[in-house]
Amino acid sequence: MTDAEYEAQKARLQVLIDRWIEPLGLISWKIDFAYVRSDFKNGGDPAPDTMATAKTSSEYMLATVSWNMPVVVDHADRELERIFLHEMMHIIVNEMRPTRANTEYDKALGDEERW
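Residues numbered from 1 in each chain as written. Predicted model: local features only at pLDDT ≥ 70, side-chain atom pairs only at ≥ 80, totals over all residues. Heavy atoms only, no water.

Student: Could you give an account of the pattern of salt bridges, naming the residues involved and the relevant values?
Tutor: What the rule picks out here adds up to five salt bridges. Ionic pairing is found between Asp 3 and Arg 37, a salt bridge with its closest N-O pair at 2.7 Å. Taken together, the residues span a long stretch of sequence, with Asp 3 in helix H1 (residues 3-20) and Arg 37 in the loop between strand E1 (30-36) and strand E2 (52-57) at a distance of 34 residues. Assessed through its relative accessible area of 34%, Arg 37 is described here as partly exposed. With a shortest N-O distance of 2.9 Å, Asp 77 and Arg 12 are connected by a salt bridge. Here Arg 12 lies in helix H1 and Asp 77 lies in helix H3 (residues 77-93), a separation of 65 residues in the sequence. (Salt bridge = Lys/Arg side-chain N within 4 Å of Asp/Glu carboxyl O. Helix = DSSP H or I, 4+ residues; strand = E, 2+ residues; numbered from the N terminus. Buried < 20%, exposed > 50% of the residue type's maximum accessible area, 1.4 Å probe, protein only.)

What follows is the structure, encoded as structure tokens:
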């Protein structure tokens, strides 16, 4: 991915950030957006074709959304917006997820992923 392609994809994502953070009620959150150019790994080592992952700490209202930029480039704006909103929903509903020690964790995560 060239620097120009990378910057163009960041600009596409910035449009979505500007469009959605406030209407979704996430303006008070500290959300870091990481733009990963290669070797996409974030926590649980997602599949190479995973477009994004969200890691959230709801008690501190902190989140990091990591974007797999080589995958972002391959998707139309409509699909990118769908995935962007999906990741924002992880931030919103995370505090309702049971803790990892709870046997309901995997089911809750699966239900969360469906959206």
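Student: Go over unusual backbone geometry with me, naming the residues and quoting the values.
Tutor: Phi angles above zero are rare outside glycine, and Met 61 is one such case at about 55°. Checked against the element boundaries, Met 61 lands in the loop between E2 and strand E3 (62-68). Judged by its relative accessible area of 35%, Met 61 falls in the partly exposed class.

Student: Please set out H3 residue by residue, giving values where relevant.
Tutor: Between its first and last C-alpha, H3 extends 24 Å over 17 residues, near the 24 Å set by a 1.5 Å rise per residue. Three or more residues of H3 are buried, namely Leu 80, Glu 81, Ile 83, Phe 84, His 86, Glu 87, Met 88, His 90 and Ile 91. (Expected span 1.5 Å × (residues − 1).)

Student: Tell me about the pairing of E3, residues and numbers included.
Tutor: The element E3 is extensively covered by neighbouring structure, given that five of its seven residues are classed as buried. One ladder, built from seven bridges, connects E1 with E3; its direction is parallel. Residue pairing across strands places Asp 32 opposite Thr 64, the latter belonging to E3. Connecting E2 to the next strand, E3, in antiparallel fashion are four residues, including Met 61 with a positive phi near 55°. (Pairing = 2+ DSSP bridges.)

Student: An account of the sheet that holds E3 is needed here, citing residue identities and associated values.
Tutor: Strand order in the open sheet formed by three strands is E1-E3-E2, and the pairing between neighbours is mixed. Looking at the sheet topology across the chains shown, the edges are occupied by E1 and E2. Going across the sheet, the axis of each strand differs from the next one's by a mean of 15°, ignoring polarity. (Axes fitted to C-alpha atoms, helices over the stretch in contact; angles between N-to-C directions.)

Student: For the side chain of Ser 57, give the residues involved together with the corresponding values.
Tutor: Within the secondary structure layout, Ser 57 lies in strand E2. Overall, Ser 57 belongs to the buried group, its relative accessible area being 19%.

Student: Talk me through the packing of aromatic side chains; I want residue IDs and the actual numbers.
Tutor: Considering all chains together, one arrives at two aromatic pairs under this definition. Geometrically, the ring pair formed by Phe 33 and Phe 84 is stacked, given 6.3 Å between the ring centres and 15° between the ring planes. Taken together, the residues span a long stretch of sequence, with Phe 33 in strand E1 and Phe 84 in helix H3 at a distance of 51 residues. Residue class for Phe 84 comes out buried when judged on its relative accessible area of 0%. Between Trp 67 and Phe 84, the ring centres sit 6.2 Å apart and the planes meet at 10°, which makes this aromatic pair stacked. Of this pair, Trp 67 sits in strand E3 while Phe 84 sits in helix H3; the two residues are 17 residues apart in sequence, bridging distant segments of the chain. (Phe/Tyr/Trp six-rings, centres within 6.5 Å; stacked < 30°, edge-to-face > 60°.)

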